Amino acid sequence: MNILVLGSGGREHTLAWKISQSFNCSHLFVAPGNAGTELVADNVDIQVNDFEAIGEFVKENEIELLVVGPEDPLVNGIRDYFEADDQLKATRIVGPGKVGAQLEGSKDFSKTFMQKHGIPTAESKTFTKETIKEGLAYLETCQLPIVLKADGLAAGKGVVIAQNIDEAKTTLNAMLIDKAFGEASSKVLVEQFLDGIELSVFVLTDGTDYIILPEAKDYKRIGEGDTGLNTGGMGAVSPVKFADQAFMTKVNEKVIKPTVAGLKTDGIDYKGFIFIGLMNVDGEPFVIEYNVRMGDPETQVVIPRIQSDIVDMLWAAAEGTLKDYELVVSGSTVVGVVLVSGGYPGSYEKGKSIQGLADITNTMVMHAGTKQDDYQVLTNGGRVLTIIGSGDELNDALNIVYKEINYISWQDMYYRKDIGKDILAARVF
Ligand code: AMP
Ligand code: GLY
């Protein structure tokens, strides 16, 4: 079948790489893609929110399966757009409709959903400009630190962890009155701080049945030792030791089952990925957030561990036949380290020539912010490449990845040298 993947990051390169290996894939396109997706698929110069152009392309190229990488088009209703068009409604789509995508698009929606369905999460209250007085008074009653979250999509920047009351009050004012995150902060959640270890859990559902993909740990901060600003993700590891069978059984019973059942009860026909950001608090799972897509860079370490056919898997989710799909996962450890442009997540320069890509032999390179320019590959974003290696043990995978990174260079390239080291040092089990 002909398949179209939407997106242009390391997540989409990894999905495209895996899809391209399937006998079930005849012709694979990625829109808009990057220099890496061009190696395994045909890039199409269409942006992910240009539904009209995507629809036309799907009709012309007889696309049967549409895999939506990022959250934006889902929150904007790409599924609803396809379902409303007689010529597009037969296309199978991996990704929920506009209402289901609110699980990520609105933190207030997802918090209400969790509370309604008894899913463990931090206590929280939502305030608006109209109720700011109550909000400021409520802050006085909260234990420190206090978590403040913009309700809408804020490119991963909408969460502030305030260490004292003054900072919390200033932040609430900035978000609600000064619209620090635009419309995204017209509602703000004031949330209890959860003290624990984070884990990314990935579920693929057809609305009734579901499979649990390998879990991963993401390294979100720019600096070593988890310091500095939040980024999209600087590295990832899968599997994660503390996510043992006992913990994952709790996650399944207390979080995944009620989430999938709750969507059904609420009349939300959800076909796609559910990425559950969890906090392990003394062995108990609490949901920090839902995302309605795969994670990046988690995809780069999760997908290589899947040994069964990924097109069968995606099709089964989109078609509603997941109960017949058998997921086969490799026991090896996969590590991904993200190479970024100097300055990221602040401002950075683009267009730097990347050296050494041809010297990489023992790891895979997934592209994100890259661009092919005649005979060279140029940087074209903040997160540029993810170097992915696997081994029987975490240490083996880390050694391979960090050795091969030495071959790659461009002006002002930066990466964290401590990915997975906390797990090795047994600070995280
Ligand atoms: P989110 O955008 O909801 O994923 O939040 C971004 C990051 O803020 C998460 O990955 C956590 O590290 C942190 N965070 C969010 N909510 C909480 C919470 N209730 N307690 C502690 N940390 C949190
Ligand atoms: N790595 C976190 C995310 O994809 O949201």
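Everything in this summary refers to the structure shown in the same document. (Residues numbered from 1 in each chain as written. Chains lettered and ligands numbered in written order. Predicted model: local features only at pLDDT ≥ 70, side-chain atom pairs only at ≥ 80, totals over all residues. Heavy atoms only, no water.)

1. Observations regarding the overall build of the protein chain
Thought 1: A tally of helices and strands in the protein chain yields 14 helices and 23 strands.
Thought 2: At 21 Å, the protein chain has a C-alpha radius of gyration in line with the 22 Å of a compact globule built from 429 residues.
Thought 3: For the C-alpha atoms alone, the extent of the protein chain along its principal axes is close to 60 × 50 × 45 Å.
Thought 4: Here the analysis covers contacts within the protein chain between residues at least 6 apart in sequence; of these, 69% occur between residues at least 24 apart.
Thought 5: For the protein chain, the accessible area works out to roughly 18000 Å², and carbon and sulfur atoms hold 47% of it.
Thought 6: Positive and negative charge centroids in the protein chain, built from 39 and 61 side chains respectively, lie 5 Å apart. (Helix = DSSP H or I, 4+ residues; strand = E, 2+ residues; numbered from the N terminus. Rg over C-alpha atoms; globule rule 2.2 N^0.38 Å. Contact = heavy atoms within 4.5 Å. Areas by Shrake-Rupley, 256 points an atom, 1.4 Å probe, with all protein chains shown as cover. Lys, Arg positive; Asp, Glu negative; His and termini not counted. Charge placed at Lys NZ, Arg CZ, Asp CG, Glu CD.)

2. Focus: a nonpolar patch on the surface
Thought 1: A contiguous nonpolar surface patch, about 210 Å² in accessible area, is contributed by V159, I161 and F193.
Thought 2: With respect to the helices and strands, F193 occurs in the loop between strand 9 (187-192) and strand 10 (197-205).
Thought 3: Overall, the relative accessible area of 33% leaves F193 in the partly exposed class. (Patch = residues over 30% accessible without salt bridge, like charges linked within 9 Å, V, L, I, M, F, W, Y side chains within 5 Å. Salt bridge = Lys/Arg side-chain N within 4 Å of Asp/Glu carboxyl O. Buried < 20%, exposed > 50% of the residue type's maximum accessible area, 1.4 Å probe, protein only.)

3. Here we look at helix 3 (residues 51-60)
Thought 1: Among all positions of helix 3, only F51, I54, G55, F57 and V58 are buried. The buried residues of helix 3 occupy an angular sector of 165 degrees when the element is viewed end-on, so they sit on one face. Seen from the buried face of helix 3, the exposed residues on the opposite side, beyond 90 degrees, are E52 and E60.
Thought 2: Positive backbone phi, at 45 degrees, marks E62, one or two positions downstream of helix 3. (Arc of directions from axis to C-beta.)

4. Let's talk about the pattern of salt bridges
Should the charged atoms of two oppositely charged side chains come close, the side chains can pair.
Thought 1: Scanning all chains against the criterion turns up 26 salt bridges.
Thought 2: Ionic pairing is found between K187 and D108, a salt bridge with its closest N-O pair at 3.4 Å. Pair noted here: K187 is in strand 9 and D108 is in helix 7 (residues 107-116), with a separation of 79 residues, a long-range link.
Thought 3: Among the salt bridges present, the one from D418 reaches R416, with a minimum N-O distance of 2.8 Å.
Thought 4: The exposure class of D418 is buried, given its relative accessible area of 15%.

5. What to know about the site of ligand 1
Thought 1: Every one of the 15 residues lining ligand 1 counts as a neighbour, but E191, Q192, L194, E198 and E289 are closest to it.
Thought 2: Between ligand 1 and K107 there is a distance of 3.2 Å, counted from an oxygen atom to a side-chain nitrogen or oxygen.
Thought 3: E198 places a polar side-chain atom, nitrogen or oxygen, 2.4 Å from an oxygen atom of ligand 1. (Near = heavy atom within 4 Å. Polar contact = N/O pair within 3.5 Å; in protein donor to acceptor, adjacent residues only side chain to side chain.)

6. Looking at the sheet that holds strand 6 (residues 124-128)
Thought 1: The 4 strands are arranged 6-9-7-8 in an open sheet whose pairing can be described as antiparallel. The open sheet has two edge strands with one neighbour each: strand 6 and strand 8 (159-162). Taking the axes of each pair of neighbouring strands and ignoring which way they run, one obtains an average angle of 25 degrees across the sheet.
Thought 2: Where helix 7 meets the sheet, its contacts fall on strand 6, strand 7 (146-150), strand 8 and strand 9, and the angle it forms with strand 9 comes to roughly 45 degrees. (Pairing = 2+ DSSP bridges. Axes fitted to C-alpha atoms, helices over the stretch in contact; angles between N-to-C directions.)

7. Notes on the packing of aromatic side chains
Thought 1: The final tally for this structure, using the stated rule, is 9 aromatic pairs.
Thought 2: In textbook terms, an aromatic cluster arises when at least three aromatic residues are bridged by ring pairs, as seen for F51, Y81 and F82.
Thought 3: Positioned over the ring face of Y219 is K217, at 4.1 Å from the centre of the ring.
Thought 4: Lying across the ring of Y415, K417 places its NZ or CZ 4.6 Å from the centre. (Phe/Tyr/Trp six-rings, centres within 6.5 Å; stacked < 30°, edge-to-face > 60°. Lys NZ or Arg CZ within 6 Å of the ring centre and 35° of its normal.)

8. Some thoughts on the pairing of strand 9
Thought 1: Bridge analysis of strand 6 against strand 9 gives 5 bridges, and the strand direction is antiparallel. Directly across from F127, in strand 9, lies its bridge partner V188.
Thought 2: The pairing of strand 7 with strand 9 spans 5 bridges and is classified as antiparallel. If you follow A150 over to strand 9, its bridge partner there is V188.

9. Notes on the nonpolar core
Thought 1: Counting 46 residues, the largest nonpolar core has L4 and I276 as the members making the most contacts within it.
Thought 2: Among the elements that take part in this core, helix 10 (residues 245-265) stands out by supplying 7 residues, more than any other.
Thought 3: For L4, the contacting residues outside a window of four places in its chain are F29, V30, A31, I54, F57, V58, I63, L65, L66 and V67. (Core = buried A, V, L, I, M, F, W, Y, C linked by side-chain atoms within 4.5 Å.)

10. Some details on the sheet that holds strand 2 (residues 27-32)
Thought 1: Spatially, 5 strands are ordered 3-2-1-4-5 in an open sheet, and the strand pairing comes out parallel. Whereas interior strands pair on both sides, the edge strands pair on one side only; in this sheet they are strand 3 (42-43) and strand 5 (92-94).
Thought 2: The pairing of strand 1 (residues 2-7) with strand 2 spans 6 bridges and is parallel. Paired with V5 across the bridge in strand 2 is V30.
Thought 3: Against the sheet, helix 1 (residues 10-19) engages strand 1, strand 2 and strand 4 (63-68), with an angle of about 165 degrees to strand 1.
Thought 4: The strands touched by helix 3 within the sheet are strand 1, strand 2 and strand 4, with strand 1 carrying the most contacts at an inclination of about 165 degrees.

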